[in-house]
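Per-entry structural report
Chain by chain, the residues:
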Amino acid sequence: MWRMEFRPATLVWLLAILFLVGATVRVVERWGHAPRLPLAVVPGSSSIMQARIDSVLRARAAARNAPVNINSATAQDLERLRGIGPTLAAAIVEYRDQHGPFGSIDGLTEVSGIGPKRLEQMRAQCVLDSQ
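Below or above, wherever it landed, is the structure these notes cover. (Residues numbered from 1 in each chain as written. Predicted model: local features only at pLDDT ≥ 70, side-chain atom pairs only at ≥ 80, totals over all residues. Heavy atoms only, no water.)

**Structural notes on the packing of aromatic side chains**
All chains considered together, the criterion is met by one aromatic pair. Arranged with centres 5.7 Å apart and planes meeting at 15°, the rings of Y95 and F102 form a pair that is stacked. Judged by relative accessible area, F102 falls into the buried class, the value being 6%. (Phe/Tyr/Trp six-rings, centres within 6.5 Å; stacked < 30°, edge-to-face > 60°. Buried < 20%, exposed > 50% of the residue type's maximum accessible area, 1.4 Å probe, protein only.)

Set out below in structure tokens:
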């Protein structure tokens, strides 16, 4: 059997490196974009790679800003609406499952926690397609 032994200082350095990598990933996820660093040493390749990264980021932003169909959206999709968090999104899905598709966007006021003010905040982001 192989047995690996580390000096305490080596173990501390390894843990520190893992922590920094994890923290960097979280920062990139929170900002919603990758850092603008050249990813290759080949001349001219960094601008191509940056163009690809920018393209992906634009596509993600467009998806976040796309209207949400309240009759077919998942709870995660509904969370993109202004003023809707995980609890309220789950309540909308549950109401829709129990009562069927919404006949109008105003039907969202039947969901507990959505009043006229909240409905007006999110109305522009909602679309309605019958199933």
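**Considering the environment of R80**
Inspection of the secondary structure assignment puts R80 in the loop between α3 (75-78) and α4 (86-99). On a C-alpha basis, the gap between R80 and P67 in space is 9.1 Å, while along the polypeptide they are 13 residues apart. In this structure, R80 is in contact with A63, R64, A66, P67, V68 and Q125, ignoring residues within four places of it in sequence. (Helix = DSSP H or I, 4+ residues; strand = E, 2+ residues; numbered from the N terminus. Contact = heavy atoms within 4.5 Å.)

**Considering the nonpolar core**
Counting 19 residues, the largest nonpolar core has L78, I84, I92, L108, I114 and M122 as the members making the most contacts within it. Counting only elements with at least two residues in this core, the list comes to α4 and α5 (116-122). Apart from residues lying up to four places away in sequence, L78 is in contact with V68, I70, A73, I84, A89, I92 and V93. (Core = buried A, V, L, I, M, F, W, Y, C linked by side-chain atoms within 4.5 Å.)

**A look at the pattern of salt bridges**
Scanning the entire structure with this criterion turns up three salt bridges. A salt bridge links R80 to D77, with the shortest nitrogen-to-oxygen separation between them at 3.9 Å. Here D106 makes a salt bridge to R123, at a shortest N to O gap of 2.5 Å. Taken together, the residues D106 in the loop between α4 and α5 and R123 in the loop between α5 and β2 (126-127) connect sequence positions 17 residues apart. You can call R123 partly exposed: its relative accessible area is 27%. Each of D106, E120 and R123 takes part in a single network of salt bridges with overlapping partners. (Salt bridge = Lys/Arg side-chain N within 4 Å of Asp/Glu carboxyl O.)

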